[in-house]
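Understanding the architecture of this molecule
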Amino acid sequence: MNGMTMGAGVKDLRHSLAPVPARGGTRTESSFAPITLVFLHHAGGSAASFAPFTRQLPAHWNLWSVDLPGRLMATGERACRTSVQAAAYVARELRSLLSGPYAVFGHSMGALIAFEAARELSTSGLRPEWVGLSGAPAPGHRPDRAQRHLWPRERLTAFMQGLGGTPEQVFELPDLLDLMVEVLRGDLSIVDTYQVHPGPLLDAPLTVFTGENDPVAGPRIAAPWSGHSTARTTARSWPGGHFYLFEHVDEVCTAIRDEVAAVSLAGR
């Protein structure tokens, strides 16, 4: 993995983002076993972004989130700079922990990594029950091919402000802003250079989540994800821009619960 170190990247959202401890035993195939839902964050984000979702999802679900290395709280780890590195990191972290049915939900950059990590895990017998892809243009359908990770600091800062999702107080703290801009720069290199990894299509149900007014990945731009799985694909959309999901946590969680339930019932 090009020198990247192994870290405790998988966090338990229900236990104050504590690292998920290693589990022994083998994978449980029962459709009645508690499901684990794994969240993957957007560019510049972290596991903490999904903390509000814990109050709206079923209490018996395991809720995990994966921090890519190089976050503000994990500066000792070498950051991923390509989708190949990021998907391999996530798959490796999860492979040693998963022991039952699981699903994955990723937003923006996290959606790309969720898709590729799910494909990689499937090749080793860890097929997800369901994959939710939020706020990400389908491969080959990005509105532009700008290499944003090469932009100067001032332009990246303006980009952060325009897209939303960053507290306004951050822009008044130069040292913190510098750190966040550099994390965003590294993550955008994953997004800006992304191409679908070689290999078979994903064999798991997909749900494509979008904000109706998202300039990055609105419903039309995200719709072609349906061609990247051999299983069914559904679509859900809400009013709002790129970070619509944090404005509609209750509704998004209801949709996640319903989609996972539909998959579980179909498999019984």
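The notes below deal with the structure included here. Treat the numbers as computed from the prediction; the structure is a model and nothing was measured. (Residues numbered from 1 in each chain as written. Predicted model: local features only at pLDDT ≥ 70, side-chain atom pairs only at ≥ 80, totals over all residues. Heavy atoms only, no water.)

Moving on, we come to the overall build of the protein. Within the protein, the secondary structure is distributed over 6 helices and 8 strands. From first element to last, N terminus to C terminus, the protein shows the α and β order β-β-β-β-α-β-α-β-α-α-β-α-β-α. In the protein, which comprises 268 residues, the share counted as buried stands at 53%. For the protein, the accessible area works out to roughly 11800 Å², and carbon and sulfur atoms hold 56% of it. (Helix = DSSP H or I, 4+ residues; strand = E, 2+ residues; numbered from the N terminus. Buried < 20%, exposed > 50% of the residue type's maximum accessible area, 1.4 Å probe, protein only. Areas by Shrake-Rupley, 256 points an atom, 1.4 Å probe, with all protein chains shown as cover.)

Take F171: it is sitting in the loop between α3 (153-163) and α4 (174-192). Overall, the relative accessible area of 17% leaves F171 in the buried class. Sequence-wise, F171 and T157 are 14 residues apart; in three dimensions their C-alpha atoms are separated by 8.3 Å. The residues touching F171, leaving out its near neighbours within four places in the chain, are T157, M160, Q161, T166 and L177. (Contact = heavy atoms within 4.5 Å.)

Moving on to the sheet that holds strand β3 (residues 36-40). On the basis of which strands lie adjacent, the open sheet formed by 8 strands has the order β2-β1-β4-β3-β5-β6-β7-β8 and mixed pairing. One side of each edge strand has no neighbouring strand; the edge strands of this open sheet are β2 (18-19) and β8 (233-238). Bridge count between strand β6 (residues 130-134) and strand β7 (residues 206-211): 4 bridges; the pairing is parallel. From the neighbouring strand, V131 faces β7, where its bridge partner is L206. Against the sheet, helix α1 (residues 83-95) makes contact with β1 (10-12), β3 and β4 (62-66), and its axis sits at roughly 145 degrees relative to β4, the strand it touches most. Together, β3, β5 (102-107) and β6 form the strand contacts of helix α2 (residues 109-122), whose direction differs from that of β5 by roughly 150 degrees. (Pairing = 2+ DSSP bridges. Axes fitted to C-alpha atoms, helices over the stretch in contact; angles between N-to-C directions.)

This paragraph deals with the environment of W64. Here W64 is to be found in strand β4. Distance in space between the C-alpha atoms of W64 and T54 is 9.7 Å, their sequence separation being 10 residues.

Look at any regular strand and the pattern is simple: side chains alternate between the two faces of the sheet. For β3, the buried fraction is high: 5 of the 5 residues fall into the buried class. Burial of the side chains of β3 extends over both faces: T36, V38 and L40 are buried on one face and L37 and F39 on the other. Judged from the 5 bridges that link them, β3 and β4 form a sheet pairing that is parallel. Counted as the bridge partner of V38 is W64 from β4. Across 5 bridges, β3 lies against β5 in parallel orientation.

Right, let's talk about the environment of V170 for a bit. Looking at where V170 falls in the secondary structure, it is placed in the loop between α3 and α4. Given the relative accessible area of 8%, V170 is considered buried. Separated by 10 residues in sequence, V170 and M180 place their C-alpha atoms 8.8 Å apart. Filtering out sequence-adjacent residues up to four positions away, V170 remains in contact with L176, L177 and M180.

Packing of α3 against α4 brings their axes to within 10 Å, and their N-to-C directions diverge by 90 degrees. As summarised for this structure, α3 and α4 are arranged roughly perpendicular, according to the angle between their axes. Contacts between α3 and α4 involve R153, L156, T157, F159 and M160 from the first element and P174, L177, D178, M180, V181, L184, R185 and L188 from the second. Classifying every residue of the contact of α3 with α4 gives 9 nonpolar, 1 polar and 3 charged. (Parallel < 35°, antiparallel > 145°, perpendicular 65-115°, else oblique. Nonpolar A, V, L, I, M, F, W, Y, C, P; charged D, E, K, R; others polar.)

What follows covers the pattern of salt bridges. One pass over the structure, following the stated rule, counts 8 salt bridges. The salt bridge partner of D67 is K11, with a shortest N-O separation of 3.5 Å. Remark: K11 occurs in strand β1 and D67 occurs in the loop between β4 and α1; sequence separation between them is 56 residues. Considered together, D67 and K11 belong to a single accessibility category, that of buried residues. A salt bridge links R148 to D192; the nearest nitrogen and oxygen atoms lie 2.7 Å apart. Linking R148 in the loop between β6 and α3 with D192 in helix α4, this pair joins segments that are 44 residues apart in sequence. Salt bridges sharing partners connect three or more residues here, namely R142, R148 and D192. (Salt bridge = Lys/Arg side-chain N within 4 Å of Asp/Glu carboxyl O.)

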